[in-house]
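For reference, the chains in residue letters:
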Amino acid sequence: MKLVFATNNPHKLQEVSDILKEKVDIISLNDIHCHEDIPETADTLEGNALLKAEYIYNNYHLNCFADDTGLEIEALNNEPGVYSARYAGTDKNPEANMMKVLQQLENQSNRKARFRTVIALIMDGKTYLFEGIVNGTITKVKQGNAGFGYDPIFMPEGYEHTFAELGEEIKNNISHRAIAIKKLCDFLNSI
């Protein structure tokens, strides 16, 4: 089965390809010659995932899926949430985003957080949503060099290392995106 993954993020593309392995043939936006910066103007993760999937389905007439992910920090009223990629500015600088989070939590004892991914799948004109959540905490300093985004400051529940320290194999089995992708996979296998 072939599906377009509506993302321009090479890290996400690689991560999802690694998770799905041989189960689904992932086609990138580049493969379909889509070079537009698809707008993410919704105020929810679900809304942004749908906007991206609908854009591809309506303009390219291909079955596709898109995701949106947010880091939700309890002490910050679930910020940065839908604005995670551009939390410290529109240039989407991961380092600046992490620094802003660490500064805002500097005197906070409550460091509970969760990553949440929503996937919107459009197949043959029908829309399906899948969600993955992983709970954890925000560290006081960056730890590790692997991964991307907020991985160096997010420690998943039950682990003593951040996503950036755990390595791709472990992260790709326990992450929010892995959970949502597994639900997507189970669904695709059931039809």
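In case you missed it, the structure is sitting above this.
Quick look at the structure, then.

Calculation notes
Residues numbered from 1 in each chain as written. Predicted model: local features only at pLDDT ≥ 70, side-chain atom pairs only at ≥ 80, totals over all residues. Heavy atoms only, no water. Salt bridge = Lys/Arg side-chain N within 4 Å of Asp/Glu carboxyl O. Helix = DSSP H or I, 4+ residues; strand = E, 2+ residues; numbered from the N terminus. Buried < 20%, exposed > 50% of the residue type's maximum accessible area, 1.4 Å probe, protein only. Phe/Tyr/Trp six-rings, centres within 6.5 Å; stacked < 30°, edge-to-face > 60°. Contact = heavy atoms within 4.5 Å.

Okay, the pattern of salt bridges next. Across all of its chains, the model carries twelve salt bridges by this definition. Taking the shortest distance from any N to any O, the salt bridge between Lys12 and Asp67 comes out at 3.1 Å. One end of the pair, Lys12, is in helix α1 (residues 10-20); the other, Asp67, is in strand β3 (residues 64-73), and 55 residues separate them in sequence. Comparing Lys12 with Asp67 shows no difference in burial state: the two are buried. In this structure, Lys171 and Asp151 form a salt bridge, with 2.6 Å as the shortest nitrogen-oxygen distance. Of this pair, Lys171 sits in helix α5 (residues 168-174) while Asp151 sits in the loop between β6 (126-138) and β7 (154-156), and the two are 20 residues apart along the sequence. Asp151 shares its class with Lys171; the two are buried.

Going through the model one piece at a time under the given rule, you end up with six aromatic pairs. Residues Phe154 and Phe163 carry aromatic rings whose centres are separated by 5.3 Å and whose planes lie at 45° to one another, so their mutual orientation is tilted. Each member of the pair, Phe154 as well as Phe163, carries the same accessibility label: buried. Members of the aromatic cluster, joined through ring pairs, are Phe115, Phe154 and Phe163.

Looking at where Cys34 falls in the secondary structure, it is placed in the loop between β2 (25-27) and α2 (45-60). Its relative accessible area of 1% is what places Cys34 among the buried residues. Other than its neighbours up to four places away in sequence, Cys34 contacts Leu29, Tyr55, Ile56 and Tyr60.

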